[in-house]
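# Structure at a glance
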Amino acid sequence: MADFVSDFWSYYVIALSVFGIVFCLFVLISNSRRPEPTADNTTGHVWDGDIREANNPLPRWWMILFLVTVAFSIGYLIYYPGLGKFPGIGGWTSVRQYHEERAQLEASVAPIYASFAGKSPDELMNNPEALAIGQRLFLNNCAQCHGANARGGLHFPNLTDGDWLHGGDSEAIVETITEGRHGMMPPQAANFDSPADIENTAQYVLSLSGSATDPIKAQKGKKGFQVCAACHGPDGKGNQDIGAPNLTDKVWLHGGGLRGVMYAINNGFDSQMPVFGETFTKEQIDVLAAYVMSLSHNKKN
Ligand code: HEC
Ligand code: HEC
């Protein structure tokens with residue numbers, strides 16, 4: 001693992017600390033000399049007409065306390081030099097501490113994951129401990145897009161509705177998490193003669209889910225759907241191999257409605273599910289897949 005404190009920043013912190021200590025000492029020494037005696041024992045500074053600054057030396061106890069803090073800071077710097085990379089006399093570095101804590105954490109969860117090893121997500125789906133860990137991983141890594149309840153939102157699919165862009169069996173979900181997904185629909189406007197044709201085909205698409213508002217336009221737009229059928233299927237039921245959504249089910253990833261469908265035809269989409277194959281171990285991905293599957297499969301629980 002790469003060290004996260006560069007030499008530069010370690011030197012920077014050391015230099016800044018040494019400078020700070022030397023500066024404090026300098027201020028202390030330059031103020032520690034007994035002041036020149038004056039006739040009325042004041043420095044001559046006057047505030048509000050009658051508040052005068054007495055010409056007294058710094059109190060001894062205060063000086064000693066200050067020296068103690070300077071000595072402490074020097075000791076601290078020798079013990080924890082640079083606060084990052086370079087080991088002090090205690091051998092401590094923040095990088096080493098981080099690695100030790102990571103190793104401890106991994107050792108503590110290893111037996112739990114070992115008990116999952118060799119089990120498929122389908123089996124883990126019935127293991128409450130695996131689902132609890134899966135949920136925690138989900139909340140930390142997936143909820144920002146799919147929502148804490150995994151119901152998704154505009155442009156982010158709902159993972160609880162049993163309606164899958166790329167497939168809902170364990171193999172497909174593991175692949176989705178490991179390799180990410182690309183939901184690619186190129187803009188289609190060039191395949192149409194006029195904006196009216198686009199609207200007609202949009203009405204036809206809406207008719208597939210019983211949502212059309214103009215049956216006559218929908219009928220006219222059927223012909224234009226041929227170019228869509230290549231991906232969405234002749235009946236509009238979609239194709240999970242290329243992530244083309246089912247257009248007949250009223251589940252809309254991108255909003256739906258006449259405007260939504262016309263937007264789709266004119267602009268297309270390029271939606272991305274990030275790759276997590278390098279973030280997680282195989283066991284973690286299986287646990288996550290089990291959790292995701294449980295959201296739609298274990299509806300009874
Ligand atoms: C940066 C946003 C983002 C994050 C983070 C994210 N996803 Fe996704 N995910 C998406 C998008 C966008 C899609 C839809 C891709 C598409 O349109 O084909 C998606 C699709 C999916 C699908 C496929 C849904 C289907 O209908 O086939 C699954 C399963 C999934 N994500 C699970 C996860 C899990 C588990 C995590 C956490 C490890 C996660 N996602 C993190 C954005 C995200
Ligand atoms: C090359 C394949 C391809 C073609 C051709 C294609 N689509 Fe798509 N379409 C997709 C994919 C893939 C998605 C999913 C995009 C995503 O994941 O964000 C999609 C998404 C959509 C959506 C959004 C669905 C939702 O749930 O919000 C609509 C609407 C749509 N297409 C309509 C059409 C229409 C109408 C045509 C023909 C004019 C068409 N598509 C042609 C691949 C295609």
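Residues numbered from 1 in each chain as written. Chains lettered and ligands numbered in written order. Predicted model: local features only at pLDDT ≥ 70, side-chain atom pairs only at ≥ 80, totals over all residues. Heavy atoms only, no water.

With an unreviewed UniProt entry as reference, the protein chain is termed Cbb3-type cytochrome c oxidase subunit, source organism Lautropia dentalis. One UniProt comment on the protein chain, placed under Function (unreviewed entry), says "C-type cytochrome. Part of the cbb3-type cytochrome c oxidase complex." As its UniProt record puts it under Sequence similarities (unreviewed entry), the protein chain is described as follows: "Belongs to the CcoP / FixP family." (UniProt positions renumbered as here; feature names shortened; annotations may be inferred.)

Once that is clear, we can look at the site of ligand 2. Neighbouring ligand 2 are 24 residues; Met185, Cys228, Cys231, His232 and Ser271 lie closest to it. A distance of 2.7 Å is found between an oxygen atom of ligand 2 and a backbone nitrogen or oxygen belonging to Leu253. In this structure, His254 approaches ligand 2 through a side-chain N or O atom, which is 2.6 Å from an oxygen atom. Counting residues per element, the ones that place at least two in the shell around ligand 2 are strand 3 (181-185), helix 10 (226-232), helix 11 (257-267) and strand 4 (269-273). With 4 residues, helix 10 is the single largest residue contributor to the shell around ligand 2. Considered class by class, the residues forming the shell around ligand 2 number 18 nonpolar, 6 polar and no charged. (Near = heavy atom within 4 Å. Polar contact = N/O pair within 3.5 Å; in protein donor to acceptor, adjacent residues only side chain to side chain. Helix = DSSP H or I, 4+ residues; strand = E, 2+ residues; numbered from the N terminus. Nonpolar A, V, L, I, M, F, W, Y, C, P; charged D, E, K, R; others polar.)

On to the coordination of the iron atom of ligand 2, then. Distances from the iron atom of ligand 2 to its protein donors, Met185 (SD) and His232 (NE2), fall at 2.0 to 2.1 Å. The coordination sphere of the iron atom of ligand 2 comprises 6 donor atoms, whose angles at the metal cover 86 to 180°; the geometry is octahedral. Note that Met185 is positioned in strand 3 and His232 in helix 10, a separation of 47 residues in sequence. Residue His232 is classed as buried on the basis of its relative accessible area, which comes to 9%. (Donors = N, O, S within 2.8 Å, 3.2 Å for Na, K, Ca; no water. Tetrahedral: all angles 85-135°; square planar, octahedral: opposite > 155°, others 65-115°. Buried < 20%, exposed > 50% of the residue type's maximum accessible area, 1.4 Å probe, protein only.)

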